[in-house]
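# Inside the fold
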Amino acid sequence: QGWMAKNEVTLSPGTPPPFMTFEDAQLPPSIMAEIRRAGFPSPSPIQAASWAPAMRGRDVVGIAKTGSGKTLGFLVPAFLRIMRERK
């Protein structure tokens, strides 16, 4: 709760908890390699809060400032889905 208040994150009831680390998200090695290469230490608040529900196929509405990581917040789940469907 402290993290959510500090980062002004509000989740709907029943929403899975945020991914506090990239490891929590269990991203494939290919995506993790690019995240490491880019130097991101941890998911931004919008990424942490949006990935869990998006990866479960739930609708997500995210509102955050420019430069907050929204694009990656929505692209990572989309990339995962594309990768899954290509198999």
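Preceding block: the structure.
Residues numbered from 1 in each chain as written. Predicted model: local features only at pLDDT ≥ 70, side-chain atom pairs only at ≥ 80, totals over all residues. Heavy atoms only, no water.

Below, the discussion takes up the nonpolar core. Across soluble globular proteins, nonpolar side chains show a tendency to be buried alongside one another. Ranked by size, the top nonpolar core spans 11 residues in total: Phe19, Phe22, Ala25, Leu27, Ile31, Met32, Ile35, Trp51, Ala52, Val76 and Leu80. Those elements that place two or more of their residues in this core are helix H2 (22–25), helix H3 (29–38), helix H4 (45–55) and helix H5 (70–86). Per-element tally for this core: the top contributor is H3, with 3 residues. Once residues lying within four places of it in the same chain are set aside, the contact partners of isoleucine 31 are Phe79, Leu80 and Met83. (Core = buried A, V, L, I, M, F, W, Y, C linked by side-chain atoms within 4.5 Å. Buried < 20%, exposed > 50% of the residue type's maximum accessible area, 1.4 Å probe, protein only. Helix = DSSP H or I, 4+ residues; strand = E, 2+ residues; numbered from the N terminus. Contact = heavy atoms within 4.5 Å.)

A word on unusual backbone geometry. Despite not being glycine, glutamate 8 shows a phi value in the positive range, around 55°. Along the chain, glutamate 8 turns up in the loop between helix H1 (2–6) and H2. By relative accessible area, glutamate 8 is classed as exposed at 73%. Even without being a glycine, glutamine 26 presents a positive backbone phi close to 50°.

With that out of the way, let us pick up the environment of proline 29. Locating proline 29 in the fold gives a position in helix H3. In this structure, the C-alpha to C-alpha distance between proline 29 and methionine 55, residues 26 residues apart in sequence, is 16 Å.

Moving on, we come to the packing of aromatic side chains. Going through the model one piece at a time under the given rule, you end up with 1 aromatic pair. With 6.0 Å between their ring centres and 40° between their planes, phenylalanine 22 and tryptophan 51 make a pair best called tilted. Placement of phenylalanine 22 in helix H2 and of tryptophan 51 in helix H4 is noted, with a sequence separation of 29 residues between them. Note on phenylalanine 22: relative accessible area 4%, which makes it buried. Overall, the relative accessible area of 0% leaves tryptophan 51 in the buried class. (Phe/Tyr/Trp six-rings, centres within 6.5 Å; stacked < 30°, edge-to-face > 60°.)

What follows is about H5. An α-helical segment advances 3.6 residues per turn. Residues three or four places apart therefore align on the same side. Helix length check: H5, at 17 residues, gives a terminal C-alpha distance of 25 Å against a target of 24 Å (1.5 Å per residue), a fit within 8%. Taken as a whole, H5 has its buried residues at Gly73, Val76, Pro77 and Leu80. Seen end-on, H5 carries its buried residues on one side only, within an arc spanning 85°. Exposed and facing more than 90 degrees away from the buried side of H5 are Thr71, Glu85 and Arg86. (Expected span 1.5 Å × (residues − 1). Arc of directions from axis to C-beta.)

Time to look at the layout of surface pockets. In this structure, the largest pocket occupies an estimated 620 Å³ of space. As for the largest pocket, its lining consists of 22 residues, and the residues nearest its centre are Val9, Thr10, Ile46, Gly62 and Ile63. Space inside the second largest pocket adds up to approximately 170 Å³. For the second largest pocket, the full set of lining residues is Ala54, Met55, Gly57, Arg58, Phe74, Pro77, Ala78, Leu80, Arg81 and Arg84. Among the secondary structure elements, those contributing two or more residues to the lining of the second largest pocket are H4 and H5. Broken down by element, the lining of the second largest pocket gets its largest block of residues, 6 residues, from H5. (1 Å grid on protein atoms, 1.4 Å probe; cavity = no way out; pocket = protein on both sides within 12 Å on 5 of 7 lines; lining within 4 Å. Points joined across faces, edges and corners; volume = space filled by probe spheres on them.)

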